[in-house]
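# Close look at the chain arrangement
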Amino acid sequence: QVQLVESGGGLVQAGGSLRLSCAASGRTFSTYGMGWARQGPGKEREVVASVSWGGSSTYYADAVKGRFTISRDNAKNMVYLQMNSLEPEDTAVYYCAESRGWGMTTGAADFRSWGQGTKVTVSS
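Residues numbered from 1 in each chain as written. Predicted model: local features only at pLDDT ≥ 70, side-chain atom pairs only at ≥ 80, totals over all residues. Heavy atoms only, no water.

Within the structure shown, the criterion is met by 6 salt bridges. Residues Arg38 and Glu46 are paired through a salt bridge, measuring 2.7 Å at the closest nitrogen-oxygen approach. You can call Glu46 partly exposed: its relative accessible area is 35%. Of the charged contacts in the structure, one is a salt bridge between Arg67 and Asp90, with a shortest N-O distance of 2.7 Å. Here Arg67, found in the loop between strand 6 (58-60) and strand 7 (68-73), pairs with Asp90, found in the loop between strand 8 (78-83) and strand 9 (92-99); they are 23 residues apart in sequence, far enough to count as distant. We classify Arg67 as buried; its relative accessible area is 11%. Asp90 gets classed as buried once you look at its relative accessible area, which sits at 1%. Each of the salt bridges in this network shares a partner with another, and the network as a whole consists of Arg38, Glu46, Arg67, Glu87 and Asp90. (Salt bridge = Lys/Arg side-chain N within 4 Å of Asp/Glu carboxyl O. Buried < 20%, exposed > 50% of the residue type's maximum accessible area, 1.4 Å probe, protein only. Helix = DSSP H or I, 4+ residues; strand = E, 2+ residues; numbered from the N terminus.)

Here is the structure:
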């Protein structure tokens, strides 16, 4: 069982940036794809970005494409989400997650382990 701990959330003004970090422990990290999902108030959880086991392939939801960047450092067991040009619509709890397989993941059902989440609030 992998343990995932997110950090880096907070309050930011529209147009600002935040970098989320996810520390993984408990299992071989580099074997599986990783991703970030978010759940806004009254909304379903949605995958915003994912990365393959080696970092060479990435997926972004249309809503964040061009603004968010996912990366991973397998040597440090870390996954990152750089979020730029933030909008009030990005307000949500952001979760780090481990995929069931080695590739990219586009659906929340394809993740098998989740962190506790970190809250991001974007003010207008």
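Applying the stated criterion to the full structure yields 2 aromatic pairs. Pairing Tyr95 with Trp114 gives two aromatic rings, centres 6.3 Å apart and planes at 85°, and the pair type is edge-to-face. Taken as a pair, Tyr95 in strand 9 and Trp114 in strand 10 (residues 111-114) lie far apart in primary sequence, 19 residues in all. In this structure Tyr95 comes out as buried when scored by relative accessible area, which is 13%. Assessed through its relative accessible area of 28%, Trp114 is described here as partly exposed. With a centroid separation of 5.5 Å and 70° between ring planes, the pair formed by Phe111 and Trp114 is classed as edge-to-face. Note on Phe111: relative accessible area 2%, which makes it buried. Connected via pairs of aromatic rings, a cluster forms that spans Tyr95, Phe111 and Trp114. The ring of Tyr80 carries Arg19 above its face, with NZ or CZ at 4.0 Å from the centroid. The ring centre of Tyr95 lies 3.8 Å from the NZ or CZ of Arg45, which sits over that ring. (Phe/Tyr/Trp six-rings, centres within 6.5 Å; stacked < 30°, edge-to-face > 60°. Lys NZ or Arg CZ within 6 Å of the ring centre and 35° of its normal.)

The quantities given are spatial measurements derived from coordinates; they are silent on function.
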